[in-house]
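Each chain is listed here by its residues.
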Amino acid sequence: MTTTPSPAKVALVIGAGDSTGAAIAQRFAQGGYMTCMTRRNADKLQPLVEQIQQQGGIAYGFASDARQEEQVIALIEQIESSIGPIEVMVFNIGANVPCSILEETARKYFKIWEMACFSAFLVGREVAKRMATRQRGSIIFTGATAGLRGSSHFAAFAGAKHALRALAQSMARELGPMNIHVAHVVVDGAIDTAFIRDSFPEKYALKSQEGILNPVHIAENYWHIAHQPRDAWTHELDLRPWMETW
């Protein structure tokens, strides 16, 4: 059942892709938030916006490149001034691109860092400025096991995700006393997406055994984090299927 949204409750999902990001946006819309979502191509968001609206929620889609400071500043200002205060921000941009360190280029390494870390800094900073004045809010970053240890052929991704984790830790320590909850979610394992289905059919076959992550279940954990009492905040949460190797 969809809860009637409050005019003063906005959830912003940066990187609302077709699986995890979409599920997170839907979960917050179902919980009564006006949901704002971004992708670099706003047209790709339209089906999700329409789906949320058909379910009785309120949703807005924005074209925005989170790597561009001017676009991030303009996005946050637009949402805050014309829609409502951002109570929850979820950063969900990936950049999982494998490459041998012997063949990696400086350009691609830098781009992966921009996508997975620098953009998180830009959005996190701008949202935190608004939340700090209100003394409340939740900021949730989607991480990966690459943020804990680097695997072969993933030097760029691991470096960016390590930096994202450090950013989340630093922000949590500074913003916690301002009643702003900052969390980092480590998602470890294949997710139920068309990409996994088409590219890794053997991995996707584990779905029947609940061996890959369900985006809806991931989203439920994000909802829980955003609504924890502050005497028991989670900073880092590890999500993995029961059969995933540690």
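Analysis parameters
Residues numbered from 1 in each chain as written. Predicted model: local features only at pLDDT ≥ 70, side-chain atom pairs only at ≥ 80, totals over all residues. Heavy atoms only, no water. Helix = DSSP H or I, 4+ residues; strand = E, 2+ residues; numbered from the N terminus. Rg over C-alpha atoms; globule rule 2.2 N^0.38 Å. Areas by Shrake-Rupley, 256 points an atom, 1.4 Å probe, with all protein chains shown as cover. Core = buried A, V, L, I, M, F, W, Y, C linked by side-chain atoms within 4.5 Å. Buried < 20%, exposed > 50% of the residue type's maximum accessible area, 1.4 Å probe, protein only. Contact = heavy atoms within 4.5 Å. Polar contact = N/O pair within 3.5 Å; in protein donor to acceptor, adjacent residues only side chain to side chain.

1. What about the overall build of the chain?
(1) Moving on: Within the chain one finds 8 helices and 7 strands.
(2) Moving on: Computed over the C-alpha atoms, the radius of gyration of the chain is 17 Å, within 12% of the 18 Å expected from 2.2 N^0.38 for a compact globule of 246 residues.
(3) Moving on: When the backbone C-alpha atoms are referred to their principal axes, the chain occupies close to 50 × 40 × 35 Å.
(4) Moving on: By element, 53% of the accessible surface of the chain is carried by carbon and sulfur atoms, the whole surface being about 12,100 Å².

2. Points about the nonpolar core
Side chains of a nonpolar character, in soluble globular proteins, are inclined to be buried together.
(1) Moving on: By size, the foremost hydrophobic cluster in this structure holds 37 residues, and its most contacted members are Met-89, Ile-139 and Phe-141.
(2) Moving on: For this core, the secondary structure elements donating two or more residues are strand S1 (10-14), strand S2 (34-39), helix H3 (69-82), strand S4 (86-91), helix H4 (106-134), strand S5 (137-144), helix H5 (155-175) and strand S6 (180-187).
(3) Moving on: Take this core: its biggest share by element is 9 residues, from H4.
(4) Moving on: Not counting the four nearest positions on each side in its chain, Ile-139 is found in contact with Met-89, Gly-124, Val-127, Ala-128, Met-131, Met-171, Leu-175, Ile-180, His-181, Val-182 and Ala-183.
(5) Moving on: Of all hydrophobic cores here, the second largest spans 31 residues; its members include Ile-24, Val-90, Ala-183 and Ile-218.

3. Structural notes on the environment of Arg-67
(1) Moving on: With respect to the helices and strands, Arg-67 occurs in the loop between strand S3 (58-63) and H3.
(2) Moving on: Its relative accessible area of 16% is what places Arg-67 among the buried residues.
(3) Moving on: In this structure, the C-alpha to C-alpha distance between Arg-67 and Val-127, residues 60 residues apart in sequence, is 15 Å.
(4) Moving on: Not counting chain neighbours up to four residues away, the residues in contact with Arg-67 comprise Arg-40, Lys-111, Glu-114, Met-115, Phe-118, Ser-119 and Leu-122.
(5) Moving on: Within the structure, the side chain of Arg-67 is placed 2.9 Å from the side chain of Asp-65, a separation counted as a polar contact.

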